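Structure at a glance
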Amino acid sequence: MNAPTTASHLAPELSLREVPHALIQALQSRFGARCSTAQAVREQHGRDESIFEVPPPSAVVFAESTQDVADAVKLAAQYKVPVIPFGVGSSLEGHLLAVQGGISIDVSRMDQVLSINAEDLTVTVQPGITRMGVNNAVKSEGLFFPIDPGADASIGGMTATRASGTNAVRYGTMRENVLALEVVTAQGEVIRTGTRAKKSSAGYDLTRLMVGSEGTLGVITEVTLKLYPLPEAISAATCSFPTIEAAVRTVIQVIQLGVPIARCELIDANTVRMVNAHSKLGLREEHMLLMEFHGSPASVKEQAETVQEIAGEFGGNAFEWATTPEERTRLWTARHNAYFAAIQSRPGCRAISTDTCVPISRLADCLLDSVAEADASGIPYFLVGHVGDGNFHFGYLIDPAKPEEHHTAEALNHKLVARALDLEGTCTGEHGVGLHKMDFLRREAGDGAITMMRTLKRALDPDNILNPGKIFAL
């Protein structure tokens, strides 16, 4: 196990580059009012949901087309100035912070559905559209896009961080659900990777290279996604447990028996209390599994009965159904608002959020020791997990005026991630590396893999202008 984190781990390394006035003038000439240097706009684009405090970018360009992005990148490349893509700012690990200065390219106005190919179960969209926007656009075709990280994140951001979420246990992550991309390179060239075909063995898989690259290899301007038919029947259920271990053992048994459950979320008793207060619910304030089943009416009924039987063997009780869309929406909205419920439970606090993912057979080993450490620390926390695929999240709620709480929370995070790595897991199941997980990535991947990543980065971005200082701090 690694030693507790030191103070040097708590702040990102800043190495601000000069942004020449000539570049700002060139951007304003090209984009007019869509290039802003206003302090409030810059500050909005210089922070995310992480704990880090970093100076904002020097300017923000609001792109409305692929050509806008290409032109902005070309101008930045001419002056060797960093470029940081921005979607909705919901990232948790400092991905979009201007640690080397530069300009922010906001793609939130690029929010159009470009084509829906219902016969092939695909949709092509611009990067600024959110996951809910995609689903609103395709539901009339009887289709849906299943990746649900909780926040209504942008598709470009979800692709860049290789996001997943509550449905990953059945439908996979962005890695499995992105078919093709349009990307602007560090030189301002527009390239396309992949096709709408279901498979290909033509050359390097550049699509997979870009998925998860966190804006360090290119700026995503178009995404082609897989879609799925809306299930004939959907049913959600909650089940309470006397201990976290009982809930986790239930999940392990469900997965190992091959029950095709669509969603399986763990919410600990602390978080249930927070959610009840925030969303005005009356959930039993015990450790809880929130599950969802997709399929035909008969298969959904069979799946749910099997899970209920397994849960009963581990002390699960109060198995309650939510079969109407309104009931299901109410439950999942409460789950998605767990982060905000936790923040409101301690006024003035900041959340240090982290996630790990381990093989499902090691989930109990990782989770239970981490819970014990968090309880012993005395710091309030929330715990939620997409435990059906071995992924879970802690959020440590700290008083920003108390540095000792920040240090304690980072030490807990360090122990949690180190434990996951010891159990052959990963330092991040879906948040991405950003700034916060760079030290852990080195341990997970090894020096050889980090060297290969740096070689790729230098080859594709020789002047290191694309979101520099992230993932491996080049």
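Look up: the structure comes first, before these words.
Residues numbered from 1 in each chain as written. Predicted model: local features only at pLDDT ≥ 70, side-chain atom pairs only at ≥ 80, totals over all residues. Heavy atoms only, no water.

Side note on helix 13 (residues 338-345)
Within helix 13, burial applies to Ala 338, Tyr 339, Ala 341 and Ala 342. Down the axis of helix 13, the buried side of the element spans an arc of 165°, and every buried residue falls inside it. Contact partners of the buried residues in helix 13: helix 10 (269-279), helix 12 (325-336), strand 16 (350-357), strand 17 (381-386) and strand 18 (391-398). (Buried < 20%, exposed > 50% of the residue type's maximum accessible area, 1.4 Å probe, protein only. Helix = DSSP H or I, 4+ residues; strand = E, 2+ residues; numbered from the N terminus. Arc of directions from axis to C-beta. Contact = heavy atoms within 4.5 Å.)

Topic: the packing of helix 14 (residues 363-377) against helix 15 (residues 403-422)
Contact geometry of helix 14 with helix 15 gives a least axis separation of 10 Å together with a crossing angle of 165°. Judged by the angle between their axes, helix 14 and helix 15 are roughly antiparallel. By crossing handedness, the relation of helix 14 to helix 15 is classed as right-handed. Along its contact with helix 14, which presents Asp 365, Cys 366, Asp 369, Ser 370, Glu 373, Ala 374 and Ser 377, the element helix 15 presents Thr 408, Leu 412, Lys 415, Leu 416, Arg 419 and Ala 420. A class-by-class count of the residues in the contact of helix 14 with helix 15 yields five nonpolar, three polar and five charged. (Axes fitted to C-alpha atoms, helices over the stretch in contact; angles between N-to-C directions. Parallel < 35°, antiparallel > 145°, perpendicular 65-115°, else oblique. Left-handed = near helix turned anticlockwise from the far one by under 90°. Nonpolar A, V, L, I, M, F, W, Y, C, P; charged D, E, K, R; others polar.)

Comments concerning the packing of aromatic side chains
The geometry of an aromatic ring pair comes down to the distance between the two centres and the angle between the two planes. As enumerated under the stated definition, the model contains nine aromatic pairs in all. Centre to centre, the rings of Phe 319 and Trp 321 are 5.3 Å apart; their planes meet at 65°, and the pair counts as edge-to-face. What makes Phe 319 buried here is its relative accessible area of 14%. Exposure remark for Trp 321: the relative accessible area of 40% places this residue in the partly exposed category. Seen in terms of ring centroids, Phe 394 and Tyr 396 are 5.7 Å apart; in terms of plane orientation they differ by 10°. Their pairing is stacked. Neither residue differs from the other here; Phe 394 and Tyr 396 are each classed as buried. These aromatic residues form a ring-pair network of at least three members: Tyr 381, Phe 392, Phe 394 and Tyr 396. (Phe/Tyr/Trp six-rings, centres within 6.5 Å; stacked < 30°, edge-to-face > 60°.)

Here's the deal with the nonpolar core
Counting residues in each nonpolar core, the largest one holds 61 residues, and the members touching the most others are Leu 266, Leu 289, Met 291, Leu 367, Leu 383, Phe 394 and Tyr 396. Element by element, the count of residues in this core is highest for helix 9 (residues 244-256), at seven residues. Setting aside residues up to four positions removed in sequence, Leu 383 forms contacts with Ile 244, Leu 266, Ile 267, Asp 268, Thr 271, Leu 367, Val 371, Phe 392, His 393 and Phe 394. Grouped together as the second largest cluster of nonpolar side chains are 26 residues, Leu 23, Ala 63, Ile 105 and Ala 186 included. (Core = buried A, V, L, I, M, F, W, Y, C linked by side-chain atoms within 4.5 Å.)

Observations concerning unusual backbone geometry
A positive phi angle, close to 55°, is found at Asn 464, a residue other than glycine. Along the polypeptide, Asn 464 turns up in the segment after helix 17 (447-460). What makes Asn 464 buried here is its relative accessible area of 13%.

Section: the pattern of salt bridges
Evaluated as defined, the whole model comprises 28 salt bridges. Residue Lys 80 pairs with Asp 463 through a salt bridge whose shortest N-O separation is 3.9 Å. Of this pair, Lys 80 sits in the loop between helix 3 (66-79) and strand 3 (83-86) while Asp 463 sits in the segment after helix 17, placing them 383 residues apart in sequence. The partner of Glu 405 in a salt bridge is Arg 346, and the shortest N-O contact between them spans 3.0 Å. Taken together, the positions of Glu 405 in helix 15 and Arg 346 in the loop between helix 13 and strand 16 put the pair 59 residues apart, joining distant regions of the chain. (Salt bridge = Lys/Arg side-chain N within 4 Å of Asp/Glu carboxyl O.)

Here's the deal with helix 11 (residues 297-313)
For an α-helix the count is 3.6 residues per turn, leaving residues at separations of three or four pointing the same way. With 17 residues, helix 11 should cover 24 Å at 1.5 Å per step; its first-to-last C-alpha distance of 25 Å lies within 8% of that length. Listed as buried for helix 11 are Val 300, Gln 303, Ala 304, Val 307, Ile 310 and Ala 311. Burial along helix 11 is one-sided: seen end-on, the buried residues are contained in an arc of 125°. Residues Ala 298, Lys 301, Glu 302, Glu 309 and Glu 313 are exposed on helix 11 and point more than 90 degrees away from its buried face. At its buried positions, helix 11 is contacted by helix 6 (168-171), strand 12 (233-241), helix 9, strand 14 (287-295) and strand 15 (317-322). (Expected span 1.5 Å × (residues − 1).)

A closer look at the side chain of Ser 104
As for its placement among the helices and strands, Ser 104 is situated in strand 4 (residues 103-106). Ser 104 has contacts with His 45, Pro 57, Ala 59, Val 60, Val 61, Ile 84 and Phe 86, leaving out every residue within four places of it along the chain.

Some remarks on the packing of helix 16 (residues 438-445) against helix 17
As a packed pair, helix 16 and helix 17 sit with axes 6 Å apart at the nearest point and diverge in direction by 115°. For the pair helix 16 and helix 17, the contacting residues are Leu 441, Arg 442 and Ala 445 in the first and Asp 447, Ala 449, Ile 450, Met 453 and Arg 454 in the second. Across the contact of helix 16 with helix 17, the residue classes tally to five nonpolar, no polar and three charged.

A closer look at the sheet that holds strand 12
Here we have seven strands laid out as an open sheet, ordered 15-12-14-13-17-18-16, and antiparallel in their pairing. Looking at strand neighbours, the two that pair on one side only are strand 15 and strand 16, the edges of this open sheet. Ignoring strand direction, the axes of neighbouring strands in this sheet form an average angle of 15°. In terms of strand pairing, strand 16 meets strand 18 through eight bridges, oriented antiparallel. Among the inter-strand pairings, Ile 352 is bridged to a residue of strand 18, identified as Tyr 396. Where helix 10 meets the sheet, its contacts fall on strand 13 (263-267), strand 14, strand 17 and strand 18, and the angle it forms with strand 17 comes to roughly 100°. (Pairing = 2+ DSSP bridges.)

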